[in-house]
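# What the coordinates show
In case you want the letters, here they are:
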Amino acid sequence: MLRTSLRNLVAYKVRLALTALAVVFGVAFVSAVLVFGDTLKQAMTDAALREHRGISVDVRGTKHAVDHLQIPPLDESLAARLRALPGTASVTGHVTGFTAVVDRAGALVRKKTSAIGANAVPGPDGKDPRYPLITGRLPVKAGEAALDERTAEAAGYKVGDRIRIVARGPVLDQTVVGVFTTDSAAVEAGGTLTLLDTATAQELYLEPGVYGELRLNARPGTSQEQLRAAAAPLLPGGAEALTGDKLRQDDRNRVNKEIASLRTLLLVFAGIALFVGSFIIANTFAMLVAQRTRELALLRAIGATRRQVTRSVMFEALAVGVVAGLGGFVIGIGLAIGLRDVLNGVGANLTPGPTVVAGTTALWSLLVGIGVTLVAAWLPVRRAAKIPPVAALRTNLPPSTSSLRRRNIAGALTLVLGGAVLLAGIKGSATGNAKVFTVMGGAGIVLIGVIVLTPLLAAPAVRVFGALLRRIHPVEGRLAYQNAARNPRRTAATASALMIGMVLVTSLTIFGTSLKHLVDRTLSKGITAEFVLSSSADGQSLAPEIAAAVAKVPGVTAVSPVREARATVDGKEHGITAVDPASAFSVLATTFTQGGPQSLSSGLLVSKQTADERKWRVGTSVSVTFPDGERARLAIGGIYDEAPLLGALTVSLQTLTPHVDVAGDDFVLAKVAPRSKDGMRDALRKAVGNSPAVNVQTAKEVRKDFNKLFDVMLDIVYGLLSMAIVIAVLGVVNTLAMSVFERTREIGMMRAIGLDRRRTRRVIRLESLIISVFGGLLGVVLGLIAGVGGVKGMARSTKDLTVVVPWDRVLIFLVLAAIVGVLAAAWPARRAARLDVLTALRTD
């Protein structure tokens, strides 16, 4: 039986190769995800360890203090007390923050998302061991700066040049006094590192005289834990001391958590690709078993048991799985390298490092390839082993209808169950994640039910498509229809692979388009300001001086910063928004269901959703614990329904600012007089020093940016799902190719009675078109149901969310399905047309 299996592997190598290729792509996706995750994890871990090397104890603000914008007083007096500890060898103060370098053309140098500034800490010799100097010296006074080598080279700056830098506020003029090398991960990822004197860095990033962290080195004989225990009693509130080992372990844990989340997301899409591939495997082995019915029956007739037949065919599946697993592993390494290059090309700023290929990745690739292949091939193999030898030696065995009846009943029950769960999710009282998961679960069960029922649906669908094609090509259309309708299982399995990809693409497109429309409409209705200023670097805020400078521009009639923080209100933590009560509601169109903004100066405004959840109303007095720990009672003066840029709770800038140490604005909204709109953008840019780190946009441009964000997210999803679509295309190719093998004699007879090569190719193309359009249409319909149902479910708890179906994209999906069918048929059609007539007629 082993020799028989090996002989079959050689005899059916082309057909099995196409099957293996489908598995290869799925395994390659898994391998690429694992290699990419391991590589990124190692690079990020190494970067964090480099950043914290040589540290015995690190004194810094607690996570709570940092999250609540508090700056513990880590000043020189504390540093002096820490130096006086018996086990302390040295203490250095460090300050870091956002700082970008402006080139001679007025643009930011290199990648703005990784632009970092820090204080230089020169020793008695004037050097800082972290930053080896190439030329010049380190900055020691205001107006001086040192640049990393790559930044200086990219901008063409050298020692003695006057440059401009920008942090959160206006542009600053500096003189380059030194150029240094660094192994900073931010610089290696395409960012910049600018060194300033300590006093300037403290003033820019924190407060004069305050450090962001104090790094302690222990004397010989003093352990990290001993030094930490000695330092802890000296620390002010909001500060903590961590040993270097704890710091590095926290870095590892943080990196592992971040990579695990990314890896899980990517593996979901890899699982989708493998799920699609399983249809191809099952279909291929079902066709192989059907084509080898006589051979398998003969083995049974000469004494082979069912178990031996099963083992023989499963060995073939095992061989396919091994080859696919190893091939996918190797290809996945290349995909991981390519993925890093692509992401860096679009500005992802991934931490650089060598490619890491772990032994576990190879093992998982092999196990996934073997496991998916064996599981998918199991049912066709069992079906072959159950055929009695005498029945199998007959020709033209009728297909089993009892199994289809059972399948149809099971599919109908599954479909009803899924429809009930989906309806419960849409109409039910569940909210938040529970509603989303219910809708998603119901849609998933519906999809499974449709997959089970696909053979039943295939017959009428193929009949309709066949009738349309017969009007255009009477002979070829009839032959294509008969071929597609000959085996509903085969047609259904092939179409299902494409259907799954189309379901996901269509439903996610509806979700994304509906959310994009919601955001666009909310911003359009809610922002009445003509201009919005924000930081061009993600995650950075604007210094309060920006809003003050904008307010002085002639023609500006109202300015309000929008500032975010965290506070505890009646025992529950909330995000709070602070605005200028005098001008905020001139630049924001806010609908109040109760009260109004009149009492914002000394009170609190609340969103309707939060008020309903907390059972608050106008006049309710609530206890507010501010970021610095101080408490106050504020009365609710208004409840708003529609308010873009405002969170759950809103207070005045005057109420919040005394309680935060780091004041920064997420946005600055400016309303201008109608006659002053012309040239206002240039005036605002001039007011902020023509800083390239500050975006000056119209409200319409802000909406476009949000729309682009949704489009990018959809493009990423399309890219991740593309592997499943490619596998589905391979399934169509495989099915058609094996169908040509199976019908070699039939094709020869048609050629012999006058069907020329061109029309033979057309028959195969039309058959492929029927299968692909059937799968695409079914997928689009199910995607519409899932997408519309999901959005309607979310709309019950999200005001103004409406279903938006991008019919142009839906039409494109259907056209692409048809194109897939034509392209997939190219090789099988060519092979069918090139069959030698006499050889084909002699085929058994």
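Residues numbered from 1 in each chain as written. Predicted model: local features only at pLDDT ≥ 70, side-chain atom pairs only at ≥ 80, totals over all residues. Heavy atoms only, no water.

## Quick notes on the overall build of the chain
Each helix and strand in the chain was counted, giving 28 helices and 22 strands. Based on the C-alpha atoms only, the size of the chain along its principal axes is roughly 95 × 65 × 50 Å. Taking all 844 residues of the chain together, 49% fall into the buried category. Considering only residue pairs separated by 6 or more positions, the chain has 81% of its internal contacts joining residues 24 or more positions apart. When the accessible surface of the chain is summed, it comes to about 37,800 Å², and 60% of that surface belongs to carbon and sulfur atoms. Charge centroids of the chain, computed over 96 positive and 63 negative side chains, lie 17 Å from each other. (Helix = DSSP H or I, 4+ residues; strand = E, 2+ residues; numbered from the N terminus. Buried < 20%, exposed > 50% of the residue type's maximum accessible area, 1.4 Å probe, protein only. Contact = heavy atoms within 4.5 Å. Areas by Shrake-Rupley, 256 points an atom, 1.4 Å probe, with all protein chains shown as cover. Lys, Arg positive; Asp, Glu negative; His and termini not counted. Charge placed at Lys NZ, Arg CZ, Asp CG, Glu CD.)

## Digging into the pairing of strand S10 (residues 192–196)
Within S10, five of the five residues are buried, leaving the element largely enclosed by the surrounding structure. Burial of the side chains of S10 extends over both faces: Thr192, Thr194 and Leu196 are buried on one face and Leu193 and Leu195 on the other. Here strand S5 (residues 115–119) pairs with S10 via five bridges, running parallel. Each residue of the ladder has a partner; that of Ala115, found in S10, is Thr192. (Pairing = 2+ DSSP bridges.)

## With respect to the sheet that holds strand S1 (residues 57–61)
Hydrogen bonds along the backbone pair up the strands of a sheet, which may run parallel or antiparallel. Sheet architecture is open: four strands sit in the order S2-S11-S1-S12, paired in antiparallel fashion. Bordering the open sheet on either side are strand S2 (88–94) and strand S12 (239–243), each of which pairs with just one other strand. Across this sheet, the average inter-strand angle for adjacent strands is 20°, counted without regard to direction. On top of the sheet, helix H4 (residues 76–83) reaches S1, S2 and strand S11 (213–218); it is set at about 165° to S2, its chief contact. In the packing of helix H8 (residues 224–231) onto the sheet, the strands contacted are S1, S2, S11 and S12, and the crossing angle to S12 comes to about 170°. (Axes fitted to C-alpha atoms, helices over the stretch in contact; angles between N-to-C directions.)

## Some details on the nonpolar core
In terms of nonpolar packing, the biggest core is built from 93 residues, with Phe29, Phe285 and Met499 touching the most fellow members. For this core, the leading source of residues is helix H9 (residues 244–291), giving 16 residues. For Phe285, the residues in contact, after removing those within four places along its chain, are Leu16, Val313, Glu316, Ala317, Ala377 and Pro380. Ranked by size, the runner-up nonpolar core spans 32 residues in total, among them Val101, Leu216, Ala231 and Ala241. (Core = buried A, V, L, I, M, F, W, Y, C linked by side-chain atoms within 4.5 Å.)

## What about the packing of aromatic side chains?
In this structure the tally under the stated criterion is four aromatic pairs. Counting every residue linked through ring pairs, the aromatic cluster contains Phe585, Phe592 and Tyr640. Directly above the ring of Tyr481 sits Arg470, whose terminal nitrogen or CZ lies 5.4 Å from the centroid. (Phe/Tyr/Trp six-rings, centres within 6.5 Å; stacked < 30°, edge-to-face > 60°. Lys NZ or Arg CZ within 6 Å of the ring centre and 35° of its normal.)

## With respect to the pattern of salt bridges
Scanning all chains against the criterion turns up 30 salt bridges. Between Lys158 and Asp161 there is a salt bridge whose closest N-O contact spans 3.6 Å. Since its relative accessible area comes to 53%, Lys158 is described here as exposed. Glu476 is the salt-bridge partner of Arg759, the closest N and O atoms lying 3.2 Å from each other. (Salt bridge = Lys/Arg side-chain N within 4 Å of Asp/Glu carboxyl O.)

## Description of the confidence of the model for the chain
Considering every residue of the chain, the mean pLDDT works out to 86; 94% of them sit at 70 or more. When pLDDT is averaged over each element of the chain, strand S7 (residues 144–148) comes out on top at 96 and helix H13 (residues 389–392) at the bottom at 59. This model gives residues 398–402 a pLDDT under 50, and the stretch forms one contact once residues within four places in sequence are excluded. (pLDDT = per-residue confidence, 0-100.)

## Overview of the pairing of S11
Examined bridge by bridge, S1 and S11 share four bridges and lie antiparallel to one another. When the sheet's bridge partners are listed, Val59 is paired in S11 with Leu214. One ladder, built from six bridges, connects S2 with S11; its direction is antiparallel. Bridging from a neighbouring strand, Thr92 pairs with Arg215 of S11.

## Looking at unusual backbone geometry
A positive phi angle, close to 60°, is found at Lys615, a residue other than glycine. Counting through the fold element by element, Lys615 comes out in the loop between helix H20 (608–614) and strand S18 (621–625). Here Lys615 falls in the exposed class, since its relative accessible area comes to 72%. You will see that Asn690, though not glycine, has its phi angle at about 50°, which is positive. One can find Asn690 in the loop between helix H22 (680–687) and strand S22 (694–698).

## Remarks on the packing of helix H25 (residues 757–795) against helix H27 (residues 826–833)
For any two helices packed against each other, one specifies the crossing angle of their axes together with the interaxial distance. The geometry of H25 relative to H27 is characterised by a closest axis approach of 8 Å and an angle of 145° between their N-to-C directions. Regarding H25 and H27, the two cross each other, and that crossing is right-handed. Where H25 abuts H27, its residues Arg757, Thr760, Arg761, Ile764 and Arg765 lie against Pro828, Ala829, Arg830, Ala832 and Ala833. Residue composition of the contact of H25 with H27, grouped by class: five nonpolar, one polar and four charged. (Left-handed = near helix turned anticlockwise from the far one by under 90°. Nonpolar A, V, L, I, M, F, W, Y, C, P; charged D, E, K, R; others polar.)

## Here's the deal with the packing of H25 against helix H26 (residues 807–824)
Close contact between H25 and H26 brings their axes to 7 Å; oriented N to C, the two are set at 155°. By the angle between their directions, the pair H25 and H26 is classed as roughly antiparallel. Seen from above, H25 lies across H26 with right-handed handedness. Residues Ser768, Leu769, Ser772, Val773, Gly776, Leu777, Val780 and Leu784 of H25 lie in contact with H26, whose contacting residues are Trp807, Val810, Phe813, Leu814, Ala817, Ala818, Val820, Gly821, Val822 and Ala824. Split by residue class, the contact of H25 with H26 holds 14 nonpolar, four polar and no charged. (Parallel < 35°, antiparallel > 145°, perpendicular 65-115°, else oblique.)

## Regarding helix H18 (residues 544–551)
Residue pairs spaced three or four apart in an α-helix point in one direction, given the helix's 3.6 residues per turn. If you check which residues of H18 are buried, you get Ile546, Ala547 and Val550. End-on view of H18: buried residues confined to an arc of 95°, all on one side of the axis. If you follow the buried residues of H18, they end up packed against strand S13 (531–535), strand S14 (556–569), strand S21 (667–672), H22 and S22. (Arc of directions from axis to C-beta.)

## Considerations on the side chain of Asp38
With respect to the helices and strands, the residue Asp38 is situated in helix H2 (residues 13–51). In this structure the side chain of Asp38 is engaged in a polar contact, spanning 2.7 Å, whose partner is the side chain of Arg263. Those residues in contact with Asp38, other than ones at most four positions away along the chain, are Arg263, Val356, Ala358 and Thr361. (Polar contact = N/O pair within 3.5 Å; in protein donor to acceptor, adjacent residues only side chain to side chain.)

## Some points on the side chain of Asn707
The residue Asn707 is located in helix H23 (residues 699–742) in this model. Discounting residues that sit within four places of it in the chain, Asn707 has contacts with Lys516 and Asp520.

## Some thoughts on the environment of Ile771
Mapped onto the elements of the fold, Ile771 is located in helix H25. Between the alpha carbons of Ile771 and Ala273 there is a distance of 19 Å; along the sequence they are 498 residues apart. In this view, Ile771 contacts Thr491, Thr494 and Ala495; residues no more than four positions away in its chain are not counted.

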